[in-house]
Amino acid sequence: MIAIYIDFWLYTRMDTQYVQRAVEYRNRGCNCAQSTALAFLPLLDIEESTLYKITEGFGAGMGGYDGTCGALSGVVAVISLLKSSGTVEHVTKEETYRLTKQLYDRFLNKNGSCVCKDLKGIETQVELRSCMGCIEDAVLLTQEILGV
């Protein structure tokens, strides 16, 4: 009941344009990481094809390994691109790590895992969250954390 309320609260509070973009990318054949990262493309100073290439290997839990959820990995890339100074002279790791940890903790709390094979129920036959659900969650949580 609480999770349903949180979902409703997030959807009514957040602009869903980023989720819609992520769903469109997913429907075009992008993996989970590409879908979530590319949804935020209007905020990023990067070419679409470059972001597509960077996030390709993160799909299916790191290249099919079924490790960290690709949807989550894609938005971690977004946080890094938005928050990093891009140089060692201007240390930004602390802020980037803080936001990444906040995202990871919220995703874990909401879904019970951040591991692709667990979310899909590959070993347990119990799906915790679908790929599309993970994409939506990752995007909405990122919007909330970044305030966009």
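Residues numbered from 1 in each chain as written. Predicted model: local features only at pLDDT ≥ 70, side-chain atom pairs only at ≥ 80, totals over all residues. Heavy atoms only, no water.

Asks: Quick rundown of the overall build of the protein? Include the residues and the values.
Replies: Tallying secondary structure elements over the protein gives nine helices and zero strands in all. Along the chain direction, N to C, the helices and strands of the protein fall in the order α-α-α-α-α-α-α-α-α. Relative to the 2.2 N^0.38 estimate, which gives 15 Å for 148 residues, the radius of gyration of the protein is 15 Å and therefore close to what a compact globule would have. Projected onto its principal axes, the C-alpha coordinates of the protein cover approximately 45 × 30 × 30 Å. Here the protein holds 148 residues, and the buried ones make up 39% of them. Restricting the contact set of the protein to residue pairs at least 6 apart, pairs at least 24 apart contribute 61%. Carbon together with sulfur atoms contributes 54% to the accessible area of the protein, which is approximately 8,200 Å² in total. (Helix = DSSP H or I, 4+ residues; strand = E, 2+ residues; numbered from the N terminus. Rg over C-alpha atoms; globule rule 2.2 N^0.38 Å. Buried < 20%, exposed > 50% of the residue type's maximum accessible area, 1.4 Å probe, protein only. Contact = heavy atoms within 4.5 Å. Areas by Shrake-Rupley, 256 points an atom, 1.4 Å probe, with all protein chains shown as cover.)

Asks: Go over the side chain of Gln-34 with me, naming the residues and quoting the values.
Replies: Relative to the elements of secondary structure, Gln-34 occurs in helix H3 (residues 32-39). Classification of Gln-34 by relative accessible area gives buried; the value is 2%. For Gln-34, the contacting residues outside a window of four places in its chain are Tyr-52, Thr-55 and Glu-56.

Asks: So what's going on with the pattern of salt bridges? Which residues, and what values?
Replies: Within the structure shown, the criterion is met by six salt bridges. Residue Lys-117 is joined to Glu-123 by a salt bridge in which the shortest nitrogen-to-oxygen separation is 3.3 Å. With its nearest N and O atoms 2.7 Å apart, the salt bridge here joins Asp-137 to Arg-129. On the basis of relative accessibility, which here comes to 22%, the residue Arg-129 falls in the partly exposed class. Through salt bridges with shared partners, a single network forms among Lys-110, Arg-129 and Asp-137. (Salt bridge = Lys/Arg side-chain N within 4 Å of Asp/Glu carboxyl O.)

Asks: Outline helix H7 (residues 93-111), supporting the account with residue identities and numerical values.
Replies: Between its terminal C-alpha atoms H7 stretches 26 Å, which fits the 27 Å expected from 19 residues at 1.5 Å a residue. Along H7, the residues that are buried comprise Thr-96, Leu-99, Thr-100, Leu-103, Phe-107 and Asn-111. Seen from one end, H7 has its buried residues packed into an arc of 100°, which puts them on one side. Along H7, exposed side chains directed more than 90 degrees from the buried face belong to Glu-94, Tyr-97, Lys-101 and Asn-109. (Expected span 1.5 Å × (residues − 1). Arc of directions from axis to C-beta.)

Asks: So what's going on with the packing of helix H6 (residues 70-83) against helix H9 (residues 131-146)? Which residues, and what values?
Replies: Between H6 and H9, the least distance of the axes is 8 Å, while the angle of their chain directions is 25°. Taken as axis vectors, H6 and H9 run roughly parallel relative to one another. Here the hand of the crossing between H6 and H9 comes out right-handed. Contacts from Ala-71, Leu-72, Val-75, Val-78, Ile-79, Leu-82 and Lys-83 in H6 reach Cys-134, Ile-135, Ala-138, Thr-142 and Leu-146 in H9. Of the residues assigned to the contact of H6 with H9, the class counts are ten nonpolar, one polar and one charged. (Axes fitted to C-alpha atoms, helices over the stretch in contact; angles between N-to-C directions. Parallel < 35°, antiparallel > 145°, perpendicular 65-115°, else oblique. Left-handed = near helix turned anticlockwise from the far one by under 90°. Nonpolar A, V, L, I, M, F, W, Y, C, P; charged D, E, K, R; others polar.)

Asks: Tell me about the packing of H7 against H9, and please be specific about residues and values.
Replies: The geometry of H7 relative to H9 is characterised by a closest axis approach of 10 Å and an angle of 140° between their N-to-C directions. Between H7 and H9, the crossing angle belongs to the class labelled oblique. As H7 packs across H9, the resulting crossing turns out to be right-handed. Contact with H7, carried on its side by Leu-99, Gln-102, Leu-103, Arg-106, Phe-107, Lys-110 and Asn-111, involves Cys-134, Asp-137, Ala-138, Leu-141, Thr-142, Glu-144, Ile-145 and Leu-146 of H9 and no other residues of that element.

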